[in-house]
Amino acid sequence: MIRKAVIPAAGFGTRFLPASKSQPKEMLPIVDTPTIQYVVEEAVSAGVTDILMIIGKGKRAIEEHFDRNFELESELQEKGRTEQLEAIRRISNLANIHFVWQKELKGLGDAVSYARDHVGREPFLLLLGDTLIQSKTSLVRRLVELYDRYQETVVALESVDPAKVDRYGVIGGRQVAGDLYLIDDLVEKPKVGEAPSNLAIAARYALSPDIFDYITRTPPGKNGEIQLTDAMRLMLKDRAMYGVVLDGQRFDIGNKLDFLRTNVVFGLSHPELGSEFRAFLKETAQGL
Ligand code: UTP
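Honestly, the site of the ligand in this entry has me stumped. Any pointers?
As a structural note, the neighbourhood of the ligand is formed by 19 residues, with Gly11, Thr14, Arg15, Glu26 and Gln102 the closest of them. Contacts to the ligand include Pro8, whose backbone N or O atom sits 3.0 Å from an oxygen atom. In the environment of the ligand, an oxygen atom lies 2.7 Å from a nitrogen or oxygen atom belonging to the backbone of Gly11. Summarising the interface, the protein chains cover 83% of the accessible area of the ligand, which totals 570 Å² for the free molecule. The cavity that encloses the ligand is the largest pocket. Across the shell around the ligand, the residue classes break down as eight nonpolar, six polar and five charged.

Structure representation (C-alpha coordinates):
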(Lines give C-alpha, C1' and ligand atoms only; values in the text may rest on other atoms or scores of the structure.)
Protein backbone atom coordinates (compact mmCIF):
# COMPACT_ATOMS: atom_id res chain seq x y z
CA MET A 1 0.00 0.00 0.00
CA ILE A 2 1.40 3.40 -0.97
CA ARG A 3 0.99 6.04 1.74
CA LYS A 4 3.59 8.65 0.78
CA ALA A 5 3.54 11.14 -2.07
CA VAL A 6 6.14 13.53 -3.42
CA ILE A 7 5.17 16.76 -5.18
CA PRO A 8 7.97 18.65 -6.94
CA ALA A 9 7.23 22.37 -7.06
CA ALA A 10 10.64 24.04 -7.13
CA GLY A 11 10.86 24.93 -10.84
CA PHE A 12 11.26 28.50 -12.11
CA GLY A 13 8.17 28.35 -14.28
CA THR A 14 9.79 30.35 -17.07
CA ARG A 15 6.92 29.58 -19.45
CA PHE A 16 4.59 31.54 -17.18
CA LEU A 17 6.57 34.75 -16.77
CA PRO A 18 5.91 37.42 -15.67
CA ALA A 19 3.28 35.87 -13.29
CA SER A 20 5.80 33.37 -11.94
CA LYS A 21 8.54 35.94 -11.24
CA SER A 22 7.76 36.31 -7.55
CA GLN A 23 4.98 33.78 -6.96
CA PRO A 24 4.99 30.02 -7.45
CA LYS A 25 3.17 28.93 -10.61
CA GLU A 26 1.86 26.02 -8.49
CA MET A 27 -0.15 28.63 -6.53
CA LEU A 28 -1.90 30.03 -9.60
CA PRO A 29 -5.61 29.62 -8.94
CA ILE A 30 -7.93 27.47 -10.98
CA VAL A 31 -11.16 29.37 -10.33
CA ASP A 32 -10.68 29.90 -6.55
CA THR A 33 -8.23 27.18 -5.50
CA PRO A 34 -4.45 27.03 -6.01
CA THR A 35 -3.35 24.35 -8.45
CA ILE A 36 -1.22 22.57 -5.86
CA GLN A 37 -4.19 22.17 -3.49
CA TYR A 38 -5.98 20.12 -6.16
CA VAL A 39 -2.82 18.03 -6.51
CA VAL A 40 -2.70 17.39 -2.75
CA GLU A 41 -6.41 16.48 -2.72
CA GLU A 42 -5.81 14.08 -5.60
CA ALA A 43 -3.00 12.33 -3.66
CA VAL A 44 -5.15 12.14 -0.53
CA SER A 45 -7.99 10.60 -2.56
CA ALA A 46 -5.67 7.66 -3.33
CA GLY A 47 -5.04 6.96 0.36
CA VAL A 48 -1.88 9.04 0.81
CA THR A 49 -1.38 10.39 4.34
CA ASP A 50 2.11 11.83 4.05
CA ILE A 51 3.25 14.36 1.44
CA LEU A 52 6.69 15.78 0.77
CA MET A 53 6.85 18.92 -1.35
CA ILE A 54 10.09 19.85 -3.08
CA ILE A 55 10.28 23.63 -3.10
CA GLY A 56 12.86 26.32 -3.72
CA LYS A 57 13.44 30.06 -3.71
CA GLY A 58 10.29 32.16 -4.00
CA LYS A 59 8.00 29.26 -3.00
CA ARG A 60 7.12 30.29 0.56
CA ALA A 61 3.50 30.94 -0.40
CA ILE A 62 3.10 27.17 -0.81
CA GLU A 63 4.21 26.56 2.79
CA GLU A 64 1.91 29.28 4.06
CA HIS A 65 -1.06 27.92 2.15
CA PHE A 66 -0.82 24.57 3.90
CA ASP A 67 -0.06 26.06 7.33
CA ARG A 68 -2.74 27.29 9.73
CA ASN A 69 -3.58 30.99 9.76
CA PHE A 70 -4.92 31.69 13.26
CA GLU A 71 -5.65 35.39 12.64
CA LEU A 72 -7.73 34.64 9.59
CA GLU A 73 -9.49 31.80 11.41
CA SER A 74 -10.51 34.01 14.36
CA GLU A 75 -11.66 36.76 11.98
CA LEU A 76 -13.90 34.29 10.14
CA GLN A 77 -15.12 32.87 13.46
CA GLU A 78 -16.05 36.31 14.79
CA LYS A 79 -17.97 37.06 11.62
CA GLY A 80 -19.77 33.73 11.79
CA ARG A 81 -18.47 32.65 8.39
CA THR A 82 -18.42 28.98 9.36
CA GLU A 83 -18.32 27.50 5.88
CA GLN A 84 -15.21 29.47 4.92
CA LEU A 85 -13.63 28.74 8.30
CA GLU A 86 -14.06 25.01 7.79
CA ALA A 87 -12.70 25.20 4.25
CA ILE A 88 -9.60 27.06 5.48
CA ARG A 89 -8.98 24.62 8.37
CA ARG A 90 -9.46 21.65 6.09
CA ILE A 91 -6.48 22.70 3.96
CA SER A 92 -3.99 22.29 6.80
CA ASN A 93 -5.53 18.95 7.83
CA LEU A 94 -5.46 17.29 4.41
CA ALA A 95 -2.30 15.28 5.17
CA ASN A 96 1.01 15.45 7.02
CA ILE A 97 2.83 17.86 4.75
CA HIS A 98 6.61 18.27 4.78
CA PHE A 99 8.94 20.46 2.76
CA VAL A 100 12.47 20.12 1.45
CA TRP A 101 14.47 22.65 -0.58
CA GLN A 102 16.02 21.77 -3.89
CA LYS A 103 19.29 23.69 -3.66
CA GLU A 104 19.89 24.19 -7.37
CA LEU A 105 17.27 23.70 -10.06
CA LYS A 106 18.90 20.84 -11.93
CA GLY A 107 15.81 19.13 -13.29
CA LEU A 108 12.97 16.84 -12.25
CA GLY A 109 15.22 13.84 -11.57
CA ASP A 110 17.37 15.98 -9.28
CA ALA A 111 14.24 17.34 -7.53
CA VAL A 112 12.99 13.80 -6.85
CA SER A 113 16.39 12.79 -5.41
CA TYR A 114 15.73 15.20 -2.50
CA ALA A 115 12.91 12.89 -1.36
CA ARG A 116 15.25 9.96 -0.72
CA ASP A 117 15.65 10.29 3.06
CA HIS A 118 11.97 11.03 3.62
CA VAL A 119 10.63 8.22 1.45
CA GLY A 120 13.09 5.57 2.62
CA ARG A 121 12.42 2.07 1.27
CA GLU A 122 8.72 2.57 0.54
CA PRO A 123 7.12 2.94 -2.89
CA PHE A 124 5.64 6.39 -3.42
CA LEU A 125 3.39 8.44 -5.65
CA LEU A 126 4.96 11.28 -7.62
CA LEU A 127 2.60 14.06 -8.75
CA LEU A 128 3.90 17.12 -10.62
CA GLY A 129 2.78 20.19 -8.72
CA ASP A 130 1.88 22.19 -11.81
CA THR A 131 -0.36 19.62 -13.49
CA LEU A 132 -3.99 18.70 -12.93
CA ILE A 133 -5.72 15.52 -14.02
CA GLN A 134 -9.41 15.10 -14.72
CA SER A 135 -10.42 11.50 -15.25
CA LYS A 136 -13.56 9.38 -15.09
CA THR A 137 -12.05 7.06 -12.48
CA SER A 138 -9.27 8.08 -10.09
CA LEU A 139 -6.01 7.79 -12.00
CA VAL A 140 -3.76 7.81 -8.93
CA ARG A 141 -5.84 5.15 -7.19
CA ARG A 142 -5.37 2.98 -10.26
CA LEU A 143 -1.60 3.58 -10.17
CA VAL A 144 -1.55 2.52 -6.52
CA GLU A 145 -3.60 -0.62 -7.24
CA LEU A 146 -1.36 -1.61 -10.15
CA TYR A 147 1.77 -1.02 -8.09
CA ASP A 148 0.34 -3.26 -5.37
CA ARG A 149 -0.38 -5.95 -7.93
CA TYR A 150 2.95 -5.94 -9.83
CA GLN A 151 5.31 -4.45 -7.23
CA GLU A 152 6.85 -2.46 -10.07
CA THR A 153 6.79 1.17 -11.21
CA VAL A 154 3.62 2.30 -12.99
CA VAL A 155 3.28 5.61 -14.85
CA ALA A 156 0.30 7.47 -16.25
CA LEU A 157 0.27 7.84 -20.02
CA GLU A 158 -1.50 10.28 -22.29
CA SER A 159 -2.05 9.84 -25.98
CA VAL A 160 -0.69 13.06 -27.53
CA ASP A 161 -0.56 14.62 -31.01
CA PRO A 162 2.36 12.86 -32.81
CA ALA A 163 3.46 16.30 -34.08
CA LYS A 164 4.05 17.43 -30.47
CA VAL A 165 5.91 14.44 -28.99
CA ASP A 166 9.05 16.59 -28.70
CA ARG A 167 7.51 18.30 -25.64
CA TYR A 168 7.17 15.14 -23.58
CA GLY A 169 8.80 12.04 -22.14
CA VAL A 170 7.56 9.30 -24.46
CA ILE A 171 7.37 5.52 -24.00
CA GLY A 172 7.66 2.55 -26.27
CA GLY A 173 5.85 -0.60 -25.21
CA ARG A 174 3.41 -3.42 -25.71
CA GLN A 175 -0.26 -3.31 -24.83
CA VAL A 176 -0.91 -6.10 -22.32
CA ALA A 177 -4.57 -5.40 -21.55
CA GLY A 178 -7.09 -2.62 -22.29
CA ASP A 179 -5.36 0.54 -21.11
CA LEU A 180 -2.26 -1.19 -19.69
CA TYR A 181 1.19 -1.21 -21.37
CA LEU A 182 4.39 -3.01 -20.54
CA ILE A 183 7.06 -0.40 -21.22
CA ASP A 184 10.24 -1.27 -23.14
CA ASP A 185 11.62 2.18 -23.96
CA LEU A 186 11.57 5.72 -22.59
CA VAL A 187 12.80 8.86 -24.35
CA GLU A 188 12.76 12.43 -23.06
CA LYS A 189 11.56 14.94 -25.68
CA PRO A 190 12.23 12.80 -28.80
CA LYS A 191 12.37 14.43 -32.23
CA VAL A 192 9.10 14.22 -34.16
CA GLY A 193 9.32 11.12 -36.34
CA GLU A 194 11.80 9.41 -34.01
CA ALA A 195 9.49 8.81 -31.03
CA PRO A 196 8.74 5.17 -30.14
CA SER A 197 5.00 6.05 -29.84
CA ASN A 198 2.70 8.98 -29.13
CA LEU A 199 2.15 7.88 -25.51
CA ALA A 200 3.59 10.54 -23.21
CA ILE A 201 4.28 10.21 -19.48
CA ALA A 202 1.50 12.21 -17.86
CA ALA A 203 2.75 13.81 -14.63
CA ARG A 204 1.70 10.96 -12.28
CA TYR A 205 3.85 8.01 -11.22
CA ALA A 206 3.82 5.18 -8.67
CA LEU A 207 7.55 4.68 -8.19
CA SER A 208 9.73 2.00 -6.67
CA PRO A 209 12.16 3.49 -4.12
CA ASP A 210 14.94 1.93 -6.23
CA ILE A 211 14.55 4.95 -8.52
CA PHE A 212 16.83 6.92 -6.15
CA ASP A 213 19.80 4.65 -6.97
CA TYR A 214 19.20 5.14 -10.68
CA ILE A 215 18.91 8.93 -10.36
CA THR A 216 22.34 8.95 -8.67
CA ARG A 217 23.75 7.17 -11.73
CA THR A 218 22.02 9.46 -14.25
CA PRO A 219 24.21 12.06 -16.02
CA PRO A 220 22.71 15.41 -17.11
CA GLY A 221 20.56 14.97 -20.23
CA LYS A 222 18.28 17.31 -22.26
CA ASN A 223 18.86 20.99 -21.29
CA GLY A 224 21.75 19.90 -19.05
CA GLU A 225 19.22 18.72 -16.45
CA ILE A 226 19.02 15.42 -14.54
CA GLN A 227 15.98 13.97 -16.25
CA LEU A 228 13.72 11.58 -14.36
CA THR A 229 12.91 9.88 -17.67
CA ASP A 230 16.62 9.08 -18.14
CA ALA A 231 16.82 7.55 -14.63
CA MET A 232 13.71 5.49 -15.38
CA ARG A 233 15.29 4.36 -18.62
CA LEU A 234 18.28 3.04 -16.64
CA MET A 235 15.91 1.28 -14.23
CA LEU A 236 14.10 -0.30 -17.18
CA LYS A 237 17.25 -2.32 -17.96
CA ASP A 238 16.80 -4.20 -14.66
CA ARG A 239 13.11 -3.96 -13.84
CA ALA A 240 9.67 -4.21 -15.43
CA MET A 241 7.67 -0.99 -15.76
CA TYR A 242 4.03 -0.44 -16.63
CA GLY A 243 2.03 2.42 -18.09
CA VAL A 244 -1.68 3.06 -17.83
CA VAL A 245 -3.45 5.31 -20.34
CA LEU A 246 -5.31 8.22 -18.82
CA ASP A 247 -9.06 8.11 -19.27
CA GLY A 248 -9.52 11.88 -19.21
CA GLN A 249 -7.51 15.06 -19.55
CA ARG A 250 -4.22 16.43 -18.29
CA PHE A 251 -3.80 20.18 -17.75
CA ASP A 252 -0.29 21.59 -17.52
CA ILE A 253 -0.96 24.94 -15.88
CA GLY A 254 2.69 25.96 -16.38
CA ASN A 255 1.65 26.56 -19.98
CA LYS A 256 -0.42 29.76 -20.46
CA LEU A 257 -2.92 28.33 -22.92
CA ASP A 258 -3.52 25.24 -20.78
CA PHE A 259 -4.00 27.50 -17.77
CA LEU A 260 -6.79 29.36 -19.59
CA ARG A 261 -8.39 26.10 -20.76
CA THR A 262 -8.26 24.70 -17.23
CA ASN A 263 -10.02 27.71 -15.79
CA VAL A 264 -12.77 27.40 -18.38
CA VAL A 265 -13.27 23.66 -17.78
CA PHE A 266 -13.23 23.98 -13.98
CA GLY A 267 -15.24 27.23 -14.08
CA LEU A 268 -18.03 25.53 -16.02
CA SER A 269 -18.41 22.84 -13.38
CA HIS A 270 -18.06 25.17 -10.39
CA PRO A 271 -21.11 24.74 -8.10
CA GLU A 272 -21.63 28.48 -7.46
CA LEU A 273 -20.28 30.13 -10.61
CA GLY A 274 -20.88 27.46 -13.25
CA SER A 275 -24.25 28.50 -14.65
CA GLU A 276 -23.48 32.23 -14.84
CA PHE A 277 -20.08 31.51 -16.34
CA ARG A 278 -21.68 29.23 -18.96
CA ALA A 279 -24.09 32.00 -19.95
CA PHE A 280 -21.17 34.45 -20.22
CA LEU A 281 -19.17 32.04 -22.40
CA LYS A 282 -22.13 31.43 -24.72
CA GLU A 283 -22.67 35.14 -25.14
CA THR A 284 -18.97 35.72 -25.78
CA ALA A 285 -18.76 32.84 -28.25
CA GLN A 286 -21.64 34.27 -30.29
CA GLY A 287 -19.68 37.43 -30.89
CA LEU A 288 -16.59 35.55 -32.18
P1 UTP B 1 8.52 21.84 -15.44
O2 UTP B 1 9.59 21.49 -16.40
O3 UTP B 1 7.15 22.05 -15.96
O4 UTP B 1 8.88 23.10 -14.55
O5 UTP B 1 8.53 20.76 -14.26
P6 UTP B 1 9.73 24.40 -14.77
O7 UTP B 1 11.16 24.09 -15.03
O8 UTP B 1 9.40 25.23 -13.59
O9 UTP B 1 9.00 25.01 -16.06
P10 UTP B 1 9.47 26.02 -17.19
O11 UTP B 1 9.80 25.13 -18.35
O12 UTP B 1 10.63 26.85 -16.68
O13 UTP B 1 8.25 26.86 -17.46
C14 UTP B 1 7.40 20.06 -13.77
C15 UTP B 1 7.32 20.16 -12.25
O16 UTP B 1 8.58 19.81 -11.66
C17 UTP B 1 9.06 20.87 -10.83
C18 UTP B 1 8.30 22.12 -11.28
O19 UTP B 1 8.13 23.04 -10.20
C20 UTP B 1 6.98 21.58 -11.78
O21 UTP B 1 6.00 21.52 -10.76
N22 UTP B 1 10.53 20.99 -10.96
C23 UTP B 1 11.11 21.10 -12.18
C24 UTP B 1 11.30 21.00 -9.82
O25 UTP B 1 10.77 20.88 -8.68
N26 UTP B 1 12.64 21.14 -9.94
C27 UTP B 1 13.27 21.27 -11.15
O28 UTP B 1 14.53 21.40 -11.19
C29 UTP B 1 12.46 21.25 -12.30
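Further notes follow.
I'm lost on the pairing of strand 10 (residues 180-188) in this one. Help?
The side chains of a regular strand alternate, first on one face of the sheet and then on the other. In the sheet, strand 9 (residues 169-177) pairs with strand 10 via eight bridges, with the strands oriented antiparallel. Bridge pairing in strand 10 places Arg174 opposite Leu182. Looking at chain direction, strand 10 and strand 12 (residues 241-245) are connected through three bridges and run antiparallel. Paired with Leu180 across the bridge in strand 12 is Val244.

How do you make sense of the packing of aromatic side chains when you look at a structure like this?
One pair of aromatic rings is described through two measures. These are the centre distance and the angle between the planes. Applying the stated criterion to the full structure yields six aromatic pairs. Arranged with centres 5.4 Å apart and planes meeting at 10 degrees, the rings of Phe124 and Phe212 form a pair that is stacked. In this pair, Phe124 sits in strand 6 (residues 124-127) while Phe212 sits in helix 8 (residues 211-216), placing the two residues 88 residues apart along the sequence. For the ring pair Phe251 and Phe266, a centre distance of 6.0 Å and an interplane angle of 80 degrees mean the geometry is edge-to-face.

Teacher, can you tell me more about the environment of Met53 here?
Here Met53 is to be found in strand 4 (residues 50-55). On the basis of relative accessible area, Met53 is assigned to the buried category, the value being 0%. With 114 residues separating them in the primary sequence, Met53 and Arg167 have C-alpha atoms 24 Å apart.

Can you walk me through a negative patch on the surface in this structure?
Residues Asp32, Glu83, Glu86 and Glu272 make up a contiguous surface patch of negative charge. Residue classification places Glu83 among the exposed positions, given a relative accessible area of 68%.

Can you help me understand the side chain of Thr35 in this one?
Along the chain, the position of Thr35 falls in helix 1 (residues 35-45). Among the polar contacts made by the side chain of Thr35, one reaches the main-chain carbonyl oxygen of Leu28 at a distance of 2.8 Å. If sequence neighbours within four positions are ignored, Thr35 has contacts with Glu26, Leu28, Ile30, Gly129, Asp130, Thr131, Leu132 and Ile253.

Please explain the packing of helix 10 (residues 256-268) against helix 11 (residues 274-286) as it appears in this structure.
Two numbers describe a pair of packed helices, the interaxial angle and the distance between the axes. Two numbers describe how helix 10 lies on helix 11: the axes approach to 8 Å, and their chain directions differ by 125 degrees. In terms of axis orientation, helix 10 runs oblique to helix 11. Along the contact surface, helix 10 presents Asn263, Val264, Gly267 and Leu268, while helix 11 presents Gly274, Phe277, Arg278 and Leu281. Among the residues forming the contact of helix 10 with helix 11, the class breakdown is four nonpolar, three polar and one charged.

Sorry, what's going on with the pattern of salt bridges here?
Oppositely charged side chains can form a pair if their charged atoms are brought close together. Considering all chains together, one arrives at 21 salt bridges under this definition. Glu73 is the partner of Arg89 in a salt bridge, and the nearest nitrogen-oxygen pair spans 3.0 Å. In this pair, Arg89 is assigned in helix 4 (residues 82-92) and Glu73 in helix 3 (residues 70-78), connecting sequence segments 16 residues apart. Overall, Arg89 belongs to the partly exposed group, its relative accessible area being 31%. Relative accessible area serves as the criterion here: at 3%, Glu73 is assigned to the buried category. One network of salt bridges, with partners in common, ties together Arg121, Glu152, Asp210 and Arg239.

What exactly am I supposed to notice about the layout of surface pockets here?
Empty space among the atoms becomes visible once a probe the size of a water molecule is rolled across them. In this model, the largest pocket occupies a volume close to 1,400 Å³. Taken together, 44 residues line the largest pocket, and the ones lying closest to its centre are Arg15, Leu128, Asp130, Lys189 and Asp252. The class makeup of the residues in the lining of the largest pocket is 15 nonpolar, 14 polar and 15 charged. The computed volume of the second largest pocket comes to approximately 750 Å³. Forming the boundary of the second largest pocket are 30 residues, of which Asp32, Thr33, Gln37, Tyr38 and Glu41 lie nearest the centre. Those elements that provide at least two residues to the lining of the second largest pocket are strand 3 (33-34), helix 1, helix 3, helix 4, strand 7 (131-135) and helix 7 (139-150). Per-element tally for the lining of the second largest pocket: the top contributor is helix 4, with six residues. Residue classes in the lining of the second largest pocket are distributed as 14 nonpolar, 10 polar and six charged.

Even after reading the chapter, I still don't get unusual backbone geometry, so can you show me in this structure?
The general pattern is negative phi for most residues beyond glycine and trans for most peptide bonds. In this chain, Leu17 is followed by Pro18 through a cis amide linkage whose omega measures 5 degrees. Looking at where Pro18 falls in the secondary structure, it is placed in the loop between strand 1 (4-8) and strand 2 (29-30). Positive phi, normally seen in glycine, also occurs at Ala203, with a value near 65 degrees. Mapping Ala203 onto the fold places it in strand 11 (residues 199-207). According to the relative accessible area criterion, Ala203 is buried, its value standing at 1%. Not every positive phi belongs to a glycine, and Asn223 is a case in point at roughly 60 degrees. Along the chain, Asn223 turns up in the loop between helix 8 and helix 9 (228-236).

Procedures and definitions
Residues numbered from 1 in each chain as written. Predicted model: local features only at pLDDT ≥ 70, side-chain atom pairs only at ≥ 80, totals over all residues. Heavy atoms only, no water. Near = heavy atom within 4 Å. Polar contact = N/O pair within 3.5 Å; in protein donor to acceptor, adjacent residues only side chain to side chain. Areas by Shrake-Rupley, 256 points an atom, 1.4 Å probe, with all protein chains shown as cover. 1 Å grid on protein atoms, 1.4 Å probe; cavity = no way out; pocket = protein on both sides within 12 Å on 5 of 7 lines; lining within 4 Å. Sits in = over half its atoms within 2 Å of the grid points. Nonpolar A, V, L, I, M, F, W, Y, C, P; charged D, E, K, R; others polar. Pairing = 2+ DSSP bridges. Helix = DSSP H or I, 4+ residues; strand = E, 2+ residues; numbered from the N terminus. Phe/Tyr/Trp six-rings, centres within 6.5 Å; stacked < 30°, edge-to-face > 60°. Buried < 20%, exposed > 50% of the residue type's maximum accessible area, 1.4 Å probe, protein only. Patch = residues over 30% accessible without salt bridge, like charges linked within 9 Å, V, L, I, M, F, W, Y side chains within 5 Å. Salt bridge = Lys/Arg side-chain N within 4 Å of Asp/Glu carboxyl O. Lys, Arg positive; Asp, Glu negative; His and termini not counted. Charge placed at Lys NZ, Arg CZ, Asp CG, Glu CD. Contact = heavy atoms within 4.5 Å. Axes fitted to C-alpha atoms, helices over the stretch in contact; angles between N-to-C directions. Parallel < 35°, antiparallel > 145°, perpendicular 65-115°, else oblique. Points joined across faces, edges and corners; volume = space filled by probe spheres on them.

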